Amino acid sequence: MNAIETAVLKAHRNEKAARFFITVCGIGMALVPFLIGGFLLIKGIDTFTLFGHSLGEFLFSGQWDPSDTAEGGGSVGAGIYISGSLVTCALALLITLPLSIATAIFMTEIAKPRTRRLIQPAIELFTGIPSVVYGWIGMTVLIPFLRLFFPMPFGFSVLAAGIVLAVMIFPTITTMAADAMNAVPKQWREASYGLGATRWETIAHVVLPAAKGGIFTGIILGLARALGEALAVAMVIGQMKEFPTSLFLPASTLTTAISADMGGAMEGGEYSAALWTMALLLFVLSFLFIFLIHQLNSATNLKGKA
Amino acid sequence: MKLKKVILVALAAMMVLGAAGCGSEQKSDAGAAKTAAVSGSITGSGSSALLPLVKDAAEKFKEKNKDVSISLNAGGSGTGLKQVSDGSVDMGNSDVPAETKLDKAKADKLQDHKVAVMTVAAIVNKDIGDKVKSVTRQQLQDIFTAKITNWKDVGGPDEPIVLVTRPKTSGTRALFKQYAINDAEEASNKSLETDNSGILVQSVAQNPGAIGYVALPYLVNDKSVVALSIDGVEPTLENTYSGKYSVWGYEHIYTSKEPKAAVKAFIDYILSDEYGKRIEELGYGIGSKMQTKEVH
């Protein structure tokens, strides 16, 4: 065997080893969410099999009174929490989306490079702030402020939660949107200007549609964070076990309800089973979000090609 | 009356003698342990109300036993009991007896150590505390079940009552429910809920008209809220010891029936007279000082 052959063989071996290692990592990590899902399913299914509640009761009833015993016999209507989660997330998105898109447009289309170099790190700084800090500031600054200006009895409210969440998901959506807009080829903009379009027309009809995919991905990631955020929301929403009937009144969400009672609930009891079912529901919801975005993404991609 | 006194004195004398006897035994035990056993690791988890005490004790204990490492987590009484029961920690801290969170067979395998007494006080925002100093038990029940919704009905200012409570599985809430409001169910659809006693104090301090409840240790260095008397009895350790104030419960550390030497030494340390003073400084009560015969 000459030197060249050995070198080639060695290179092949290295290639194979690296390929094996990377494949194992890739598949292994892709399996983790499914393992977590499986675990949640095993834990969460108890509510229906062991304690005999119906899916309809869990999803739509507002009667939340699981018994903290292995015998069960309570009621597990999580409708209050489900609607609370959905309303706060929707509100956060409603508040943050115009701001995010505007900031992204400013960063990519309007600001001078020097200004942009200042803004970008500032926005990235948002992501680094831990949620407990957001919650605490929300509690000590935002709540008294809201109470001063709005007709609300407590300050703790759906609105406060929506605002805190909006601030928290703002950087995610903004950076994703800005990246997507940056990726739109310069020639497209020039072509648009060449056709006599104004800057606004170019942004609205060329840049934004082309960057749609990235913006949607940002929205999904932001929503996922909003849906999963427990700590900051728990500190400002008031955690009243009531449907979110008004922006100015307290409510509860899935995550706040889980984190409030998970430590104290008896393992294997009806209460903890119901909490596991709520965790399973959160998992299913984020799964649904991602599926939905993929669908939307592929739909917009197709349109782009046609 | 005189006879009773004599008996009491005799009993006390016996107890002192007995304690002295035990003490000497323990001393020899500890002496033996010092050379060999008091090293290794201790793990614990559970009640967040008890955690400050156990943490403090752990620090003091480590000063004396340098080779011991102690790792402690909160997580709630249910978690602590489950973990000590399945052996993943050495100590399960709980606000409630093990029987309420575990099935009987599992609970029977655990050893209960009543390390302290936790007194729970109703607290109000300062604007109320200046005018309402005391409420009756019935008033308190009506307040927390949202039958009374304005402070003027209990002699306070014309201000709506803001309820601030703990989650349903909280040990503090269980105590408060059982001993302060006659086992009535709180109006959870009318109350703000906080996961954490520290945040509850802050909420009550910031919301005009707010009322909540916390364990005394959270009020030791806190002047931002006012503790209410119930039926004229102030929530203090003295009144708890004498049995006048009834909203209290034992704090439990559960271990296996035959714990590791390090765990046993640690629990003996918490129960020692020396550490007892510190327990009171922290705002908890000492089990041996309880004069009331009530079983909580």
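- In the nomenclature of an unreviewed UniProt entry, chain B corresponds to Phosphate-binding protein from the organism Megasphaera cerevisiae DSM 20462.
- The annotation that UniProt attaches to chain B under Sequence similarities (unreviewed entry) is "Belongs to the PstS family."

- The name an unreviewed UniProt entry assigns to chain A is Phosphate transport system permease protein, from the organism Megasphaera cerevisiae DSM 20462.
- According to the UniProt record, the Subcellular location (unreviewed entry) comment for chain A is "Cell membrane".

## Points about the interface of chain B and chain A
Logical step 1: With 25 residues of chain B in contact, the opposing surface of chain A contributes 23 residues.
Logical step 2: Going through the elements one at a time, helix H3 (77-85), strand S7 (191-193) and helix H8 (197-206) of chain B are the ones with two or more residues in the side of chain B that touches chain A.
Logical step 3: For the side of chain B that touches chain A, the leading source of residues is H3(B), giving four residues.

## Remarks on the pairing of strand S11 (residues 248-256) of chain B
Residue and element names in this part refer to chain B.
Logical step 1: For S11, the tally of buried residues reaches eight of nine residues, placing the bulk of the element in the interior.
Logical step 2: Of the strand pairs in this sheet, strand S3 (residues 91-94) and S11 are connected by three bridges, and their pairing is antiparallel. Across the sheet, Asn93 pairs through a bridge with Ile253, a residue of S11.
Logical step 3: When strand S4 (residues 110-124) meets S11, the two strands line up antiparallel, connected through nine bridges. Following the sheet pairing, Thr119 is matched in S11 by Trp248.

## Details of unusual backbone geometry
Residue and element names in this part refer to chain B.
Logical step 1: Positive phi values are uncommon outside glycine, yet Ala146 reaches one of about 65°.
Logical step 2: By secondary structure assignment, the location of Ala146 is in the loop between helix H6 (137-144) and strand S6 (162-165).
Logical step 3: With 15 C-beta atoms counted inside 10 Å, the residue Ala146 sits in the partly exposed group.
Logical step 4: One non-glycine residue with positive phi stands out, namely Asn182, at about 55°.
Logical step 5: Assignment of secondary structure puts Asn182 in the loop between helix H7 (171-179) and S7.
Logical step 6: A tally of 12 C-beta atoms within 10 Å means that Asn182 is categorised as exposed.

## Notes on the domain arrangement of chain B
Reports of interface size often rely on the accessible area that becomes lost once the parts have come together.
Residues and elements named next belong to chain B.
Logical step 1: For chain B, the assigned domains are domain 1 (40-116 + 251-289) and domain 2 (119-242).
Logical step 2: Put simply, the middle of domain 1 and the middle of domain 2, counted by C-alpha atoms, are 28 Å apart.
Logical step 3: Domain 1 puts 14 residues into the contact, and the matching count from domain 2 is 15 residues.
Logical step 4: For the side of domain 1 that touches domain 2, the class distribution of residues is five nonpolar, six polar and three charged.

## So, the environment of A:Met240
Logical step 1: Mapped onto the elements of the fold, A:Met240 is located in the loop between helix H11 (231-237) and helix H12 (254-261).
Logical step 2: Residue classification places A:Met240 among the buried positions, given that 25 C-beta atoms sit within 10 Å.
Logical step 3: For the pair A:Met240 and A:Gly196, spaced 44 residues apart in sequence, the C-alpha to C-alpha distance is 56 Å.
Logical step 4: Ignoring any residue separated from it by four or fewer positions in sequence, one finds A:Met240 in contact with A:Pro250, A:Ala251, A:Ser252, B:Asn189, B:Ser191, B:Leu192 and B:Glu193.

Rules of the game
Residues numbered from 1 in each chain as written. Chains lettered and ligands numbered in written order. Predicted model: local features only at pLDDT ≥ 70, side-chain atom pairs only at ≥ 80, totals over all residues. UniProt positions renumbered as here; feature names shortened; annotations may be inferred. Contact = placed C-beta atoms within 7 Å. Helix = DSSP H or I, 4+ residues; strand = E, 2+ residues; numbered from the N terminus. Buried ≥ 20, exposed ≤ 12 C-beta atoms within 10 Å, placed from the backbone. Pairing = 2+ DSSP bridges. Domains from an automatic or database assignment. Nonpolar A, V, L, I, M, F, W, Y, C, P; charged D, E, K, R; others polar.

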